[in-house]
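Chain by chain, the residues run as shown.
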Amino acid sequence: MDGQVRERWGITEPVSKLMPDEKDLEVHRQLIEELKRQNNFESQEATDRRVKVLNLFQKVTEDFVRIVGKAKGLSQSAIDSAGGKIFTFGSYRLGVYGPGSDIDTLVVAPRHVTFKDFFEHFPPCLEKHSKPGDIEELTPVPDAHVPIIKIEYCGISIDLIFAALPSASIKLSLELTEKNILRGLDETMMRSVNGTRVTDELLQLIPQAKTFRHATRAIKLWAQRRGIYGNVFGFPGGVAWAMMVARICQLYPYACGATIAVKFFSIYAEWPWPRPVLLKVVEDGALGLKVWNPQIYRGDKQHLMPIITPAFPSMCATHNVTHSTKSVIMKELERGKSIASLIYTGKKSWHDLFERHTFFTKDYKYYLSIISASRTKEEQNMWSGWVQSRLRLLVKGIDESDSGVEVAHPYYKAIERFHRCKTQAEKDRVLSGSVEFVVKEEDKSADEREPAKTADGDSANDAESITIYTNTHYIGLKLREEGAKKLDISFPVSDFKRLVTSSTSYDEDKNAIRVVHTRSYDLPLDLFEEGEVRPVRVKRVKAKPVKRSFADTGIDVRTILRKAPVHLPT
């Protein structure tokens, strides 16, 4: 700022310019200690491994671009100058990553490279540059909203996306901050590029990076522990939570991280949604690109908790939030506010704020289990990724139907299981949610090898053992207390199944999908951590019913789906 003190960040004046006092600093020290106890910071050695892997991916990118250029008959001079560059975004770029965090990575290539080239040539090129065993998992998801290759590389998760700019070469000096780099990009390419643009601009709009990072770590940990994390499930993702924290940093520019975290809850628990969270004034549309504007666009007006990205063209980072997930978020913000207000007095601690959710132990009596299944791990990675990307539409469908469900709350991650069965009946039990044939983690190594194939494509050991990989998503259901004349979610469930099975990701000979009603006392034991207790069935004394039981309402979708069962192929 050339010696000048900046007076304003964001769209309004600060609420307070006070510096932290000794009490603030003590509470902040307590926060950092708790974050360390929660293993929120990564070791320098682990961070160095990330840098090494990213350097390798840069080399692979340059080689990949050369290979595509050669395949398309470009001149040698054009191939030599084509270049290519990777950018990071998300939690890694923001500096709020921890052990196990993935690295969101963008591959930028010149105009002669296409999405088809990316999916066809990048994986073998990466394999060429890798040692045996470095690539632990590689799953292309070309049908995703932002096409992606999900990679496990040397113990590091990498979400790799792609964009080609309308230029003959991509130099290492390229930056993505200028608007003009968007010129000529289609909508998919623009979404790919925007991740890096958003995180870079966000970092320019905060008063103190260190304060922002400490507060964001706290809020991300809280959101994950409370199960309200992930854009794909209808909750704010990491960058959306970070933008919400950034706005509080703008309002309290000299506060410490603990103060920002406490103010976060007091402000957002009372936020007048759908008023948007903005870090800067939304720039007007240019280059023919759509900019978030609820006064013009009907879809934008329907956003329930709009958090708007600062980089042009501004978009809503929380467009997936549903009525159900909003109610869950607001409940958790209110809980956070009540605890945070007592941390300063010593009546509560940061550990209390980060207490694990009670999604399975207390919150609901009834659940939907959405079970996707395949015979091999590779097939299941692709199939389950597609099912997960559409899950929010099932929640939205239940919200918008006259089903008698007040809240449909999706769990924020899938539960992966590996099963070994011997009969068709056992396979059907697995698809109905049974975990009695799950192979324990320590026994997986031999079972996860691909079974030998016979001439007709069947597994040679089918008669002895049938392997099934499943991913199960759970949706907690809260029924309306009054006024529901019927409780029937058969339509949104069948609509969801039609949607996922109509994709090119679905092969009826390889994949299966089942939606099953599960009561709390029937939940699998592997969902509960040490010290947690699964709900037990309570025998009730017969009395005049206040409302119909769940099983009598038509909401038990297991019965509905049996009209058209989906069998996992043998």
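Procedures and definitions
Residues numbered from 1 in each chain as written. Predicted model: local features only at pLDDT ≥ 70, side-chain atom pairs only at ≥ 80, totals over all residues. Heavy atoms only, no water. Helix = DSSP H or I, 4+ residues; strand = E, 2+ residues; numbered from the N terminus. Buried < 20%, exposed > 50% of the residue type's maximum accessible area, 1.4 Å probe, protein only. Contact = heavy atoms within 4.5 Å. Salt bridge = Lys/Arg side-chain N within 4 Å of Asp/Glu carboxyl O. Pairing = 2+ DSSP bridges. Axes fitted to C-alpha atoms, helices over the stretch in contact; angles between N-to-C directions. UniProt positions renumbered as here; feature names shortened; annotations may be inferred. pLDDT = per-residue confidence, 0-100. Phe/Tyr/Trp six-rings, centres within 6.5 Å; stacked < 30°, edge-to-face > 60°. Lys NZ or Arg CZ within 6 Å of the ring centre and 35° of its normal.

**Remarks on the overall build of the protein**
Counting its secondary structure elements, the protein contains 18 helices and 10 strands. Per-residue burial over the protein gives 53% buried out of 570 residues. Of the contacts made within the protein by residues no fewer than 6 positions apart, 74% connect residues no fewer than 24 positions apart.

**Brief notes about the pattern of salt bridges**
Per the stated rule, a full pass over the model turns up 28 salt bridges. In this structure, arginine 37 and glutamate 34 form a salt bridge, with 2.7 Å as the shortest nitrogen-oxygen distance. Of this pair, arginine 37 and glutamate 34 both sit in helix α1 (residues 22-37), three residues apart, which is roughly one turn of the helix. The exposure class assigned to arginine 37 is exposed, which follows from its relative accessible area of 60%. Its relative accessible area of 3% is what places glutamate 34 among the buried residues. Note that aspartate 402 is salt-bridged to arginine 480, the shortest N-O span being 3.9 Å.

**Considerations on the sheet that holds strand β5 (residues 156-164)**
Strands pair in a sheet through their backbones, by hydrogen bonds, and they do so in one of two ways: parallel or antiparallel. Sheet architecture is open: five strands sit in the order β1-β2-β5-β4-β3, paired in mixed fashion. Taken across any chain shown, the strands that pair with only one partner, and hence form the sheet edges, are β1 (85-89) and β3 (135-141). Direction aside, neighbouring strands of the sheet carry axes that sit 25° apart on average. Where β1 meets strand β2 (residues 103-109), five bridges bridge the pair, whose relative direction is antiparallel. From the neighbouring strand, lysine 85 faces β2, where its bridge partner is valine 108.

**A word on unusual backbone geometry**
Cis peptide bonds are those with omega within 30 degrees of zero, and the linkage from tryptophan 273 to proline 274 qualifies with 10°. Structurally, proline 274 can be placed in the loop between α9 (257-268) and α10 (298-301). For the peptide bond that leads from phenylalanine 312 to proline 313, omega is -5°, which places it in the cis range. Note that proline 313 resides in the loop between α10 and α11 (323-343). The phi dihedral of asparagine 39 falls on the positive side, at around 60°, and the residue is not glycine. Mapped onto the secondary structure, asparagine 39 falls in the loop between α1 and α2 (44-71). In the Ramachandran plot, cysteine 154 falls in the positive-phi region, its phi being about 55° despite a non-glycine side chain. Following the sequence through the fold, cysteine 154 ends up in the loop between β4 (148-153) and β5. With a relative accessible area of 37%, cysteine 154 lands in the partly exposed category.

**Quick notes on the UniProt feature "binding site: ATP" (unreviewed entry) in the protein**
UniProt tags Phe89, Gly90, Ser91, Asp102, Ile103, Asp104, Asp159, Lys220, Tyr229, Gly238 and Val239 as "binding site: ATP" (unreviewed entry). On the secondary structure map, aspartate 159 appears in strand β5. Relative to the helices and strands, valine 239 is located in helix α8 (residues 238-251). Not counting chain neighbours up to four residues away, the residues in contact with valine 239 comprise Gly90, Val198 and Thr199.

**Overview of the UniProt feature "binding site: Mg(2+) 2" (unreviewed entry) in the protein**
UniProt marks Asp102, Asp104 and Asp159 with the feature "binding site: Mg(2+) 2" (unreviewed entry), using the numbering shown here. Spanning 58 residues, the annotated positions come together in the fold, the maximum distance between their C-alpha atoms being 7.0 Å. Along the chain, aspartate 104 falls in strand β2. Among residues more than four places away in sequence, those in contact with aspartate 104 are Phe87, Thr88, Phe89, Gly90, Ser91 and Asp159.

**Overview of the confidence of the model for the protein**
When pLDDT is averaged across the protein, the result is 89; 88% of the residues are at 70 or more. Long-range and interchain partners of residues 449-463, a stretch whose pLDDT sits below 50, account for 15 contacts in this model, where long-range means more than four residues apart. Note on residues 550-570: pLDDT under 50 across the span, and 68 contacts to partners over four residues away in sequence or across chains.

**Brief notes about the packing of aromatic side chains**
Applying the stated rule across the entire model yields 32 aromatic pairs. Consider the rings of phenylalanine 64 and phenylalanine 118, whose centres lie 6.3 Å apart with planes at 70°: the pair is edge-to-face. With phenylalanine 64 in helix α2 and phenylalanine 118 in helix α5 (residues 115-128), the pair connects residues that are 54 residues apart, well separated along the chain. The exposure classification of phenylalanine 64 matches that of phenylalanine 118, with both residues buried. Aromatic side chains phenylalanine 359 and tyrosine 364 sit 5.7 Å apart centroid to centroid with 65° between the ring planes, which places their arrangement in the edge-to-face category. Classification of tyrosine 364 by relative accessible area gives buried; the value is 12%. Among the aromatic side chains, those forming a connected cluster through ring pairs are Phe57, Phe64, Phe115, Phe118, Phe119, Phe122, Tyr153 and Phe162. The aromatic ring of tyrosine 297 is capped on one face by lysine 290, whose charged end is 4.4 Å from the ring centroid.

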